[in-house]
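The chain contents come next:
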Amino acid sequence: MIWGRNVGKDAKKKILAINGEFFCRNLTGIERVAIDTLEALDRLLPQGLVELVLPSNAQNVPQYKNIKCVLLPVAASFFPKWTQGAFQRHVLKNKRISLDFSNTCPYFCPGIEFLHDIYGRLYTDDFKGRRDKLVRLYSNIMYRRIAKKAKKIIAVSEYTKKTIVDTYKINPNRVQVIYDGLGSYKKIEPDFSIFDRLPQLKEKEFYFTLGSLSTRKNLKWISANARAYPDALFAVSGKPLPSMVPSELEAMKTLPNVLMTGYLSDAEVKALLSKCKAFVFPSYFEGFGLPPLEALSCGAPVVISNKTSLPEIYGKCAHYIDPDNPNVDLDALLKEPVEPADGLLKRLTVENSARQLAEVIKEILG
């Protein structure tokens, strides 16, 4: 790994600068996809084409062969400040083309930009508190700037592409769909000791759901279904976010057939996915929806919402529910036939995603 400022004669040619702020954040779906895609890109692109621009507090950065790492003497704790400050200054000063994986861009020099969704634009009522409204405001500024000025927009589903094109009235040729894919998640070994800590959970006797406990994840569906079917046991993992309605979360804690596990490691999650009756994902809005793919890779049947991008991604490999109707007998639903997930899992890999992104990078860099 090479550390230092990338200046001099390299600045005269087109070089892609990747915003490495995701190495400072908690590992969720977007961060995992970004890290895995970057490792795959390193195997596909030649030296001298791409640099990874990192905050001083970046953690667990892999060793790369072809991607140059540039460590700036600025920490990223407030991510808008990092992106609009240190990263943007680096891009402008060194005449780089930016790439951002996280629904954001340097305002004055957007380049190749991922828009996983435009949730904050489409569901304004989900942002209730002062902090959430500020998040929505910044998100909307970023969505619009990317839509109007990015050199290329990467959407993670045809659904997301359509919402971007329809909302911002832009040329659809500026948006390329690259589906997310599984990478390092496949290598994680399950930690079955979680069953010692949660002895209530027996193999194939519980439903499992996970994700940020935010409004769009629609945990009220789980709550209502648990009330209607008291013999069904649900395990719910995740951290509450400010946009989660507190009364809903508190109500779930009172249900005897809902077990709130709190935060679980990836290894613990994989153990639960491999032993659950089904993974339930009633989210009413997803730009892609990675957790069901992870569940399928563990052999779990998936019960997912029939809204937004999910039917596009999962096709006939999933059981579908209406996120507005919790009156569903899940045991009966699981008896309905679905297609095996083998083909889906072979197609949605990080290697395939990286190959498509590499072609975009070569096109933009010329």
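Here is a short report on the structure shown in this document. (Residues numbered from 1 in each chain as written. Predicted model: local features only at pLDDT ≥ 70, side-chain atom pairs only at ≥ 80, totals over all residues. Heavy atoms only, no water.)

Section: the sheet that holds strand β12 (residues 302-305)
Part 1 of the reasoning: The sheet built from 6 strands is open, its strands ordered β10-β9-β8-β11-β12-β13 with parallel pairing. The sheet is open, and its two edges are formed by β10 (258-262) and β13 (319-321), each paired on a single side. Direction aside, neighbouring strands of the sheet carry axes that sit 25° apart on average.
Part 2 of the reasoning: One ladder, built from 3 bridges, connects β12 with β13; its direction is parallel. Directly across from V303, in β13, lies its bridge partner H319.
Part 3 of the reasoning: Against the sheet, helix α7 (residues 219-228) engages β8 (207-210), β9 (234-237), β10, β11 (278-281) and β13, with an angle of about 160° to β9. (Pairing = 2+ DSSP bridges. Helix = DSSP H or I, 4+ residues; strand = E, 2+ residues; numbered from the N terminus. Axes fitted to C-alpha atoms, helices over the stretch in contact; angles between N-to-C directions. Contact = heavy atoms within 4.5 Å.)

Quick look at the nonpolar core
Part 1 of the reasoning: Within the largest apolar cluster, 74 residues are counted, with the highest numbers of intra-cluster contacts made by F23, L52, F208 and Y314.
Part 2 of the reasoning: Ranked by residue count, the leading element in this core is helix α14 (residues 350-365), at 7 residues.
Part 3 of the reasoning: Excluding residues within four positions of it along the chain, F23 makes contact with I35, L38, L52, L54, A58, Q59, N60, V61, P62 and Y64.
Part 4 of the reasoning: Judged by nonpolar contacts, the second largest core, of 20 residues, contains L115, I164, V165 and Y284. (Core = buried A, V, L, I, M, F, W, Y, C linked by side-chain atoms within 4.5 Å. Buried < 20%, exposed > 50% of the residue type's maximum accessible area, 1.4 Å probe, protein only.)

Considering the sheet that holds strand β2 (residues 50-54)
Part 1 of the reasoning: Pairing in this open sheet of 7 strands is parallel, and the strands run β3-β2-β1-β4-β5-β6-β7 from one edge to the other. If you trace the sheet from one side to the other, it starts and ends with β3 (68-71) and β7 (175-177), each paired once. Strand after strand, the sheet turns through a mean of 30° between neighbouring axes, direction not considered.
Part 2 of the reasoning: Strand direction decides the pairing type here: strand β6 (residues 152-155) and β7, joined by 3 bridges, are parallel. If you follow I154 over to β7, its bridge partner there is Q176.
Part 3 of the reasoning: Each of β1 (16-19), β2, β3 and β4 (97-100) is contacted by helix α2 (residues 79-93), which is oriented at about 165° to β1, the strand it contacts most.
Part 4 of the reasoning: Contacts from helix α4 (residues 130-149) reach β5 (112-115) and β6 within the one sheet, and its direction differs from that of β5 by about 130°.

Taken by themselves, the reported measurements are silent on function.
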